[in-house]
Amino acid sequence: TTLITSAAGDRRNVMTAAWVLAIDFDPAKVVAVIAADTFTRGLVEASGEFVVNVPTAKMIDIVYAAGKASGLDEDKFAALALTTSPASIVGAPLLDGCAAWLECRVVPEPHMQERYDLFVADVVAAWADDASFVDGVWRFPRDEDRTLHHLSGGVFVESGEIVKAKS
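Chains are numbered independently. Their residues run from 1 in the order of the written sequence. A pLDDT threshold of at least 70 governs which residues receive local features in this predicted model, and a stricter bar of 80 or more applies before side-chain atom pairs are shown or counted, although totals over entire chains, interfaces and linings include all residues. Computation of side-chain values: all heavy atoms of the structure, hydrogens and water removed.

Draft legend 1. Inspection of the sheet that holds strand E8 (residues 100–107) at higher detail. Two strands qualify as a pair provided DSSP detects at least 2 bridges between them. Where helices and strands are cited, they refer to DSSP runs of H or I of at least four residues and of E of at least two residues respectively, numbered from the N terminus. Spatial strand order, E2-E1-E5-E8-E9-E4-E3: seven strands in an open sheet with antiparallel pairing. In this open sheet, the two edge strands, each paired with only one partner strand, are strand E2 (11–17) and strand E3 (20–25). Averaged over all adjacent pairs, the angle separating strand axes in this sheet is 30 degrees, with direction ignored. Residue contacts are counted whenever heavy atoms from the two residues lie within 4.5 Å of one another. Here the axes come from fitting lines to C-alpha atoms, over the contacting stretch only for helices, and the angles between their N-to-C directions go from 0 to 180 degrees. Against the sheet, helix H2 (residues 60–68) touches strand E1 (2–8) and E2, its axis set at about 110 degrees to E2.

Have a look at this one:
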């Protein structure tokens with residue numbers, strides 16, 4: 001489960017997105033489902049960019065609330081008391097307190113965007129929390145730092161223990 005931030009002009013928004021995944025590593029690319037009837041969709045289409053923020057378990061109520069309200073109706077940053085930091089390349093903000101951040105620029109794929117709500121994007125900058133991502137491996141020092149995965153209806157699971165296959 002992720003939080004997508006977007007911005008265009010003097011407007012910005014945050015939305016919850018469960019369908020975001022990596023589709024390539026070199027160069028890094030992601031795909032995100034951003035429905036046509038969302039405020040975020042308009043901002044992403046206007047700016048051609050967004051940020052994928054990977055929230056932690058301690059952010060569960062924010063993640064759920066951000067998915068239930070529209071940014072057209074209210075400033076979700078203010079309503080959810082979200083603090084942000086400026087991104088290094090794109091105009092959308094980074095959400096403070098997340099486990100990781102991906103700054104993304106949309107790769108124009110009009111057919112996929114219109115028919116399937118799929119946005120392919122180049123990852124132009126990326127970071128992970130130093131306490132949780134150590135030597136290229138996720139290691140969550142506290143349970144509250146684990147990432148979230150939405151099941152349905154406000155029910156989530158946290159990333160679990162690290163297990164390793166036999167070689």
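Draft legend 2. Summary view of the layout of surface pockets. The way it works is a 1 Å grid over only the protein atoms, where trapped points that fit a 1.4 Å probe form a cavity and open points with protein on both sides within 12 Å along at least five of seven lines form a pocket, and then any residue with an atom within 4 Å of a point lines it. Grid points are joined across faces, edges and corners, and a volume is the space filled by probe spheres set on the points. In this structure, the largest pocket occupies an estimated 530 Å³ of space. Lining the largest pocket we find 25 residues, and of these Ala22, Val54, Ala100, Leu102 and Trp138 sit closest to its centre. Ranked by the residues each element gives to the lining of the largest pocket, the list is headed by E3, at five residues. For the lining of the largest pocket, the class distribution of residues is 18 nonpolar, five polar and two charged. Volume-wise, the second largest pocket comes out at about 410 Å³. The wall of the second largest pocket is formed by 24 residues, among which Met15, Thr16, Ala17, Ala18 and Gly67 lie closest to the centre. Under the convention adopted here, Pro, Cys and the residues Ala, Val, Leu, Ile, Met, Phe, Trp and Tyr are nonpolar, Asp, Glu, Lys and Arg are charged, and Gly plus all remaining residues are polar.

Draft legend 3. Inspection of the packing of aromatic side chains at higher detail. Each pair of aromatic rings taken from Phe, Tyr and Trp, with Trp reduced to its six-membered ring, is defined by centres within 6.5 Å and is described as stacked if the planes are under 30 degrees apart, edge-to-face if over 60, and tilted in the remaining cases. Inspection of every chain in the model, using the stated rule, returns two aromatic pairs. Ring centres of Trp138 and Phe140 lie 5.6 Å apart, and the angle between their planes is 10 degrees; on these two criteria the pair is classed as stacked. Only protein chains enter the accessibility calculation, which uses a 1.4 Å probe; a residue whose area is less than 20% of its type maximum is buried, one above 50% is exposed, and one in between is partly exposed. Given a relative accessible area of 30%, Trp138 falls into the partly exposed group. A relative accessible area of 19% means that Phe140 is categorised as buried. Within the aromatic cluster, the residues linked to one another by ring pairs are Phe133, Trp138 and Phe140. Sitting over the face of the ring of Phe77, Arg12 holds its NZ or CZ atom 3.9 Å from the ring centroid. Only lysine NZ and arginine CZ atoms are considered, and such an atom sits over a ring when it is within 6 Å of the ring centre and within 35 degrees of the ring normal.

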